[in-house]
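# Structural description and commentary
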Amino acid sequence: MIIPLLVSLFVEIFSTVSKDYKDASASLGATRWQTSRFIVLRKALPGIIAAIVLAISRAFGETLAVLMVCGNVINIPRNLFEGCYPLPALIANNYGEMLSLPLYESALMFAALVLFVIIFIFNLLSRILLQEVEKQFKL
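Being a predicted model, the structure only gives us computed values, none of them experimental. (Residues numbered from 1 in each chain as written. Predicted model: local features only at pLDDT ≥ 70, side-chain atom pairs only at ≥ 80, totals over all residues. Heavy atoms only, no water.)

### Side note on the side chain of Ser57
Stated precisely, the cut-off is as follows: Under the DSSP-based scheme used, a helix requires at least four consecutive residues in state H or I and a strand at least two consecutive residues in state E, with every element numbered from the N terminus. Contacts are residue-level and defined by heavy atoms, with any inter-residue pair within 4.5 Å sufficient.
You can see Ser57 is positioned in helix α3 (residues 32–61). Among residues more than four places away in sequence, those in contact with Ser57 are Ile119, Phe122 and Asn123.

Now the structure itself:
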């Protein structure tokens, strides 16, 4: 689900690495592997981390994919491979059936708020990690 997004972002990230860096590395006698490992990956690492965070954040909220993958079973799973009922599935399945009950609508909006807070905290922690990586890998 997230691999096509990651691949397209990685292509863009690796194409932004300046040709001057690659040429300078080659002129100093580095092999193509050394240039890729020490120059291209080092320069592109913050972008790679940002792409992974973006793809995972997108996967958190993918409602239909979550519905199909998790099994849409209303129970608490006992192991990792058992069906479950995640928050996006709860919101998608029950939003049309609210029957204008204020308490039911409030419960679904609270579930949406909880999902938003989880994604926000994940993005905040990822942003802090990304800033630390950018400080370490300055060229």
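That was the structure; now back to the text.
### What to know about the packing of helix α5 (residues 87–94) against helix α6 (residues 102–136)
Here is the rule we go by: Axes here refer to lines fitted to C-alpha atoms; in helices the fit is confined to the stretch in contact. Angles between the N-to-C directions go from 0 to 180 degrees. By definition in this entry, angles of less than 35 degrees are roughly parallel, angles greater than 145 are roughly antiparallel, angles of 65 to 115 are roughly perpendicular, and the rest are oblique. Take the far helix as your reference; a near helix turned counterclockwise from it by less than a right angle gives a left-handed crossing, and one turned clockwise gives a right-handed crossing. Here the nonpolar group is Ala, Val, Leu, Ile, Met, Phe, Trp, Tyr, Cys and Pro; Asp, Glu, Lys and Arg are the charged ones; every other residue, Gly included, is treated as polar.
Orientation of α5 relative to α6, taken along the N-to-C sense of each, is 150°, at an axis distance of 10 Å. Between α5 and α6, the interaxial angle falls into the category roughly antiparallel. Handedness of the crossing formed by α5 with α6: left-handed. Listed contacts from α6 to Leu87, Pro88, Leu90, Ile91 and Asn94 of α5 are Tyr104, Leu108, Ala111, Ala112, Val114, Leu115 and Ile118. Taken together, the residues that form the contact of α5 with α6 break down as 11 nonpolar, 1 polar and no charged.

### Let's talk about the nonpolar core
So the rule is basically this: Buried Ala, Val, Leu, Ile, Met, Phe, Trp, Tyr and Cys residues form a nonpolar core when they are joined through side-chain atoms within 4.5 Å. Residue exposure (1.4 Å probe, protein chains only): buried if accessible area is under 20% of the type maximum, exposed if over 50%, otherwise partly exposed.
Leu6, Ile13, Val17, Val40, Ala44, Ile48, Ala51 and Ala55 form the largest nonpolar core, which has 8 residues in total. The residues contacting Val40, other than those within four sequence positions of it, are Phe14, Val17, Lys22 and Thr35.

### So, the side chain of Thr35
Assignment of secondary structure puts Thr35 in helix α3. The residues touching Thr35, leaving out its near neighbours within four places in the chain, are Lys22, Ser25, Ala26, Ala30 and Val40.

### Topic: the pattern of salt bridges
What counts here: Salt bridges, as used here, are contacts in which a Lys or Arg side-chain nitrogen is within 4 Å of a carboxyl oxygen on Asp or Glu.
Taken as a whole and assessed by the stated rule, the structure comprises 3 salt bridges. Across the salt bridge formed by Lys135 and Glu132, the nearest N and O atoms sit 3.7 Å from each other. Here Lys135 pairs with Glu132, and both are found in helix α6, just 3 residues apart, close to one helical turn. For Lys135, a relative accessible area of 60% puts it in the exposed group. A residue is classified by how much of its surface remains accessible, and Glu132, at 44% relative accessible area, is partly exposed.

### Looking at a nonpolar patch on the surface
The line we're drawing: Exposure above 30% relative accessible area and no salt bridge define the residues that can form patches, which grow by joining like charges within 9 Å and nonpolar side chains of Val, Leu, Ile, Met, Phe, Trp and Tyr within 5 Å. All accessible areas in this document rest on Shrake-Rupley with a 1.4 Å probe, and a residue is counted as covered only by the protein chains that are shown.
On the surface, Phe110, Leu113, Phe116, Val117, Phe120, Ile121, Leu124, Leu125 and Ile128 cluster together to form a nonpolar patch covering roughly 900 Å² of accessible area. Topologically, Ile121 is positioned in helix α6. For Ile121, a relative accessible area of 44% corresponds to the partly exposed category.

### A word on the layout of surface pockets
To be explicit about the condition: Using only the protein atoms, space was sampled on a 1 Å grid; points where a 1.4 Å probe fits but cannot get out form cavities, open sets with protein on both sides within 12 Å along at least five of seven lines form pockets, and lining residues are those with an atom within 4 Å of a point. Grid points are joined across faces, edges and corners, and a volume is the space filled by probe spheres set on the points.
The space that makes up the largest pocket amounts to roughly 150 Å³. What lines the largest pocket is simply Lys22, Asp23, Ala26, Ala30, Thr31, Arg32, Thr35, Ser36 and Val40. Elements with a minimum of two residues in the lining of the largest pocket: α2 (19–27) and α3. Residue composition of the lining of the largest pocket, grouped by class: 3 nonpolar, 3 polar and 3 charged.

### Here's the deal with the packing of aromatic side chains
Going by this rule: Only Phe, Tyr and Trp rings take part, Trp by its six-membered ring, and two of them pair if their centres are within 6.5 Å. Stacked means planes under 30 degrees apart, edge-to-face means over 60, and tilted covers everything else.
All told, the structure shown has 2 aromatic pairs when counted by the stated rule. Ring centres of Phe116 and Phe120 lie 6.1 Å apart, and the angle between their planes is 25°; on these two criteria the pair is classed as stacked. Of the two residues, Phe116 and Phe120 are both situated in helix α6; the distance of 4 residues between them amounts to about one turn of the helix.

### A closer look at the environment of Met1
Among the structural elements, Met1 can be located in the segment before α1 (3–15). With a relative accessible area of 56%, Met1 lands in the exposed category. Sequence separation between Met1 and Glu62 is 61 residues; the distance between their C-alpha atoms is 9.2 Å. With sequence-adjacent residues up to four places away left out, Met1 is seen in contact with Ala59, Glu62 and Ala65.

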